[in-house]
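Examination of the molecular architecture
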Amino acid sequence: MALTKEQKKLIINNFQIHENDTGSVEVQIAVLTERIKYLTEHLKRHHKDKHTRLGLIKLVSRRKKLLKYLMRENPEKYFKIIRKLGIRR
């Protein structure tokens, strides 16, 4: 199981902008990052799992697009979330 409801709720609470925020760019990037971390660990154990590798590549590209959008719209938030999540640029 990738992310439990409790883990996802914790991530959302850490990155939400207002009380009912579940879909802002920051929240989406944070959730994607956790899923990417989980799949990366999975692929270290199961290196022949090609289907998971394809899914991981799709998630990374989706996160990359969201980060690109955030950089264009609000560079301050971009650098803040990069630092908080520990993502390379």
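Structure's up top.
Quick summary incoming for the structure in this document.

Quick look at the side chain of H42 now. The topology assignment puts H42 in helix α2 (residues 25-45). For H42, a relative accessible area of 17% translates into the label buried. Setting aside its immediate chain neighbours within four residues, H42 contacts D49 and T52.

Moving on, we come to the packing of aromatic side chains. Within a pair of aromatic rings, the relevant descriptors are the distance that separates the centres and the angle that separates the planes. For the structure shown, the criterion picks out one aromatic pair. Each ring, one from Y78 and one from F79, has its centre 5.1 Å from the other, and the planes form 75 degrees; the classification is edge-to-face. Its guanidinium or amino end placed over the ring of F15, K84 lies 4.6 Å from that ring's centre, counting from NZ or CZ.

Our next topic: α2. Relative to the 30 Å expected for 21 residues at 1.5 Å per residue, α2 spans 31 Å between its end C-alpha atoms, a close match to the ideal helical length. Three or more residues of α2 are buried, namely V25, E26, V27, I29, A30, V31, L32, T33, I36, L39, H42 and L43. Against the buried residues of α2 lie α1 (5-15), α3 (50-73) and α4 (75-85).

On to the packing of α1 against α2. Contact geometry for α1 and α2: axes closest at 9 Å, N-to-C directions at 140 degrees. Our classification of the angle between α1 and α2 gives oblique. For the crossing formed where α1 meets α2, the hand is right-handed. Judged by residue contacts, K8, I11, I12 and F15 of α1 engage E26, V27, A30, V31 and E34 from α2. Here the residues of the contact of α1 with α2 sort into six nonpolar, no polar and three charged.

Bringing the layout of surface pockets into the picture now. Each pocket or cavity is described by its volume, and for the largest pocket that value is around 430 Å³. For the lining of the largest pocket, the secondary-structure elements that each account for two or more residues are α2, α3 and α4. For the lining of the largest pocket, the residue count by class is seven nonpolar, three polar and six charged. The computed volume of the second largest pocket comes to approximately 220 Å³. What lines the second largest pocket is N14, F15, Q16, I17, E26, N74, E76, K77, K80, I81 and K84. Only α1 and α4 provide two or more residues apiece to the lining of the second largest pocket. Top element by residues in the lining of the second largest pocket is α4. It accounts for five residues.

Reading guide: rules and limits
- Here, residues in each chain are numbered from 1, in the same order as that chain's written sequence.
- Selection of residues for local features in this predicted model requires a pLDDT of at least 70, selection of side-chain atom pairs for listing and counting requires 80 or more, and totals for whole chains, interfaces and linings are taken over all residues.
- Side-chain measures here rest on the full set of heavy atoms in the structure, leaving out hydrogens and waters.
- The helix and strand labels rest on DSSP assignments: H or I over at least four residues marks a helix, E over at least two residues marks a strand, and numbering proceeds from the N terminus.
- When accessible area is computed with a 1.4 Å probe and restricted to protein chains, residues below 20% of their type maximum are described as buried, those above 50% as exposed, and intermediate ones as partly exposed.
- Contact criterion: two residues are considered in contact whenever any of their non-hydrogen atoms come within 4.5 Å of each other.
- The criterion for an aromatic pair is that two Phe, Tyr or Trp rings (for Trp, the six-membered ring) have centres within 6.5 Å, with stacked assigned to planes under 30 degrees apart, edge-to-face to planes over 60 apart and tilted to the rest.
- Only when the NZ atom of a Lys or the CZ atom of an Arg is both within 6 Å of the ring centre and within 35 degrees of the ring normal do we say a charge sits over the ring.
- A helix is expected to span 1.5 Å for every residue after the first.
- Whenever a helix is involved, its axis is fitted only over the stretch in contact; in every case the axis is a line through C-alpha atoms, and angles between N-to-C directions fall within 0 to 180 degrees.
- Oblique is the label for every angle not falling under 35 degrees (roughly parallel), over 145 degrees (roughly antiparallel), or within 65 to 115 degrees (roughly perpendicular).
- Should the near helix be turned counterclockwise from the far one by less than a right angle, the crossing is left-handed, whereas a clockwise turn marks it as right-handed.
- We call Asp, Glu, Lys and Arg charged. Ala, Val, Leu, Ile, Met, Phe, Trp, Tyr, Cys and Pro are nonpolar, and the rest, Gly among them, are polar.
- In this analysis the probe radius is 1.4 Å and the grid spacing 1 Å, with only protein atoms considered; a cavity is a set of points the probe fits into but cannot get out of, a pocket is an open set with protein on both sides within 12 Å along at least five of seven lines, and lining residues have an atom within 4 Å of a point.
- Grid points are joined across faces, edges and corners, and a volume is the space filled by probe spheres set on the points.

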